[in-house]
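Read off the chains here:
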Amino acid sequence: MDQPPSVETHPCPPDAEGATREGLGYNAMARLAAGRVDAFVACAGHLRGLGLSAPRVVASDFGAGLAVLEDLGDDLYARLIEGGADETPLYDAAADVLVRLHAQAPPKILQADGATWPLLTYDVVALKTGGDLFLEWLPRLYPALDFSETAREEWEGLWAPIRAAGEAGATVFCHRDFHAENLIWLPDRAGAARVGLLDFQDAVRAHPAWDLSMLLHDARRDVSPEREQAVLARYVEYRPGVDRHDMLAAFHALGALNNARILGLFARLVVRDGKPRYKAFMPRLWRYLDRCLADPAPPGLGSWLARHVPPELRA
């Protein structure tokens, strides 16, 4: 890893709220780690302590933003599946990782290999910061969109209870970027350890549905409804204390928020950062969002989208 601390805006201090977070910038608002190497090292230690396959840290210099890590190989899920590998055991093992991660509440402070990092809650402010990228950046990508003040107020009313439920249910370690580009297949290891984990430095304490959405609403590859159902069924089977109906409702509601967030994020990447390739991923996200609006649907959201975002802008 080579990530000088000065490259990004500040991460969120544990006690910072409201105007303080806003003043520190987007990373503090969204509770992102700003690429900090000590965040990666502390999270990696926590994951390895659970018997999961995060890279071992060979050496590190937090002040310089450097670390030497174990090489987990090149067998990314995404590349293996593109090459024709059977995705069933891969996704089953990914579900098992989440079962292991969610089996116990994580500590508030993560400590490993000389690193200390707070595991902050994916709270209402962070969830709103992400979701509101949709309102801010889609009109810049599609000038035909014009969200009126009334539309924006209605949007806020629709998402407020979902964000509140997301914060209230924030009980587990959330990888936050848990998808096929960040998972490595390690078939010589056993059980959930067969999944190598990358890019988890932005981890937070979040609702269990969040990483399920990241896995099954993968912006870069199609995950079929059948695979989604199989993974959710496996997850619920191995977490018998979880109410299936409540988990599915949370998965659809927070999944809808996650897909709206990524749509806004990708619009920003296209418009602000000059990365047009992200526009090609957006129709897939709309399809996932439509799936989330099926049953059980977050009330009113489908109607809002039908009135304010023409179908031709979702293709």
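In case you missed it, the structure is sitting above this.
(A) Local environment of the packing of aromatic side chains. Taken as a whole and assessed by the stated rule, the structure comprises 14 aromatic pairs. A centroid spacing of 4.8 Å and a plane angle of 55° characterise the contact between W155 and W304, whose relative ring orientation is tilted. With W155 in helix α8 (residues 149-168) and W304 in helix α13 (residues 301-308), this pair connects stretches of sequence that are 149 residues apart. No difference in accessibility class separates W155 from W304, as the two residues are buried. Seen in terms of ring centroids, F266 and Y278 are 4.9 Å apart; in terms of plane orientation they differ by 55°. Their pairing is tilted. Taken together, the residues F266 in helix α11 (residues 244-271) and Y278 in the loop between α11 and α12 (282-292) connect sequence positions 12 residues apart. Of the two residues, F266 and Y278, both sit in the buried class.

(B) Seen up close, the nonpolar core. Formed by 102 residues in total, the largest nonpolar core has its most connected members in F134 and W304. Here this core gets 15 residues from one element, more than from any other, and that element is α11. Here F134 is in contact with P139, F147, W155, A260, L263, G264, W286, W304, L305 and V309, once residues within four sequence places are set aside.

(C) Summary view of the pattern of salt bridges. Inspection of the entire model under this criterion finds 23 salt bridges. Put simply, D113 and R48 hold a salt bridge, and the shortest N to O gap is 2.9 Å. Residue D113 is located in the loop between β3 (109-112) and β4 (115-118), and its partner R48 is located in helix α3 (residues 37-49); the two are separated by 65 residues in the primary sequence. The exposure class assigned to D113 is partly exposed, which follows from its relative accessible area of 41%. Among the ionic pairs, E154 bridges to R307, the shortest N-O distance being 2.5 Å.

(D) Examining the pairing of strand β2 (residues 66-69) more closely. Note that strand β1 (residues 57-61) and β2 share 4 bridges and pair antiparallel. Bridge pairing in β2 places D61 opposite L66. Hairpin geometry of β1 and β2 is characterised by an intervening segment of 4 residues between the two adjacent antiparallel strands and by a positive phi of about 75° at G65.

(E) Looking closely at α13. When we look at burial in α13, the residues that qualify are L301, W304 and L305. Seen end-on, α13 carries its buried residues on one side only, within an arc spanning 95°. Along its buried surface, α13 packs onto α7 (133-141), α8, α11 and α12.

(F) Inspection of the environment of G264 at higher detail. Relative to the helices and strands, G264 is located in helix α11. When its relative accessible area of 0% is taken as the criterion, G264 is described as buried. For G264 and W137, which are 127 residues apart along the polypeptide, the C-alpha to C-alpha distance reads 5.5 Å. Excluding its chain neighbours within four sequence positions, the residues that come into contact with G264 are L133, F134, W137 and L138.

(G) Quick peek at unusual backbone geometry. The residue D113 is not glycine, and still its phi comes out positive at about 50°. Phi at D199 is positive, roughly 60°, even though this residue is not glycine. For D199, the position within the fold is in the loop between β7 (195-197) and β8 (204-206). What makes D199 partly exposed here is its relative accessible area of 29%.

(H) Looking closely at the packing of helix α10 (residues 225-238) against α11. At a minimum axis separation of 11 Å, α10 and α11 run at an interaxial angle of 135°. Looking at the two axes, α10 sits oblique to α11. Here α10 and α11 pass one another in a crossing that is right-handed. Contact residues: E228, L232, Y235 and V236 in α10; R244, M247, L248, F251 and H252 in α11. Residues that form the contact of α10 with α11 fall into these classes: 6 nonpolar, 1 polar and 2 charged.

(I) Structural context of the side chain of H175. In this structure, H175 sits in the loop between β5 (172-174) and β6 (183-185). Owing to a relative accessible area of 2%, H175 belongs among the buried residues under this scheme. From its side chain, H175 meets the backbone nitrogen of D177 in a polar contact 3.0 Å long. With near-sequence residues (within four places) excluded, H175 lies in contact with L198, D199, F200, D202, A203 and D211.

(J) Geometry of the environment of P14. As for its placement among the helices and strands, P14 is situated in the segment before α1 (18-24). Judged by relative accessible area, which is 53%, P14 ranks as exposed. With sequence-adjacent residues up to four places away left out, P14 is seen in contact with R31, P118 and L120.

The rules we used
- Residues numbered from 1 in each chain as written.
- Predicted model: local features only at pLDDT ≥ 70, side-chain atom pairs only at ≥ 80, totals over all residues.
- Heavy atoms only, no water.
- Phe/Tyr/Trp six-rings, centres within 6.5 Å; stacked < 30°, edge-to-face > 60°.
- Helix = DSSP H or I, 4+ residues; strand = E, 2+ residues; numbered from the N terminus.
- Buried < 20%, exposed > 50% of the residue type's maximum accessible area, 1.4 Å probe, protein only.
- Core = buried A, V, L, I, M, F, W, Y, C linked by side-chain atoms within 4.5 Å.
- Contact = heavy atoms within 4.5 Å.
- Salt bridge = Lys/Arg side-chain N within 4 Å of Asp/Glu carboxyl O.
- Pairing = 2+ DSSP bridges.
- Arc of directions from axis to C-beta.
- Axes fitted to C-alpha atoms, helices over the stretch in contact; angles between N-to-C directions.
- Parallel < 35°, antiparallel > 145°, perpendicular 65-115°, else oblique.
- Left-handed = near helix turned anticlockwise from the far one by under 90°.
- Nonpolar A, V, L, I, M, F, W, Y, C, P; charged D, E, K, R; others polar.
- Polar contact = N/O pair within 3.5 Å; in protein donor to acceptor, adjacent residues only side chain to side chain.

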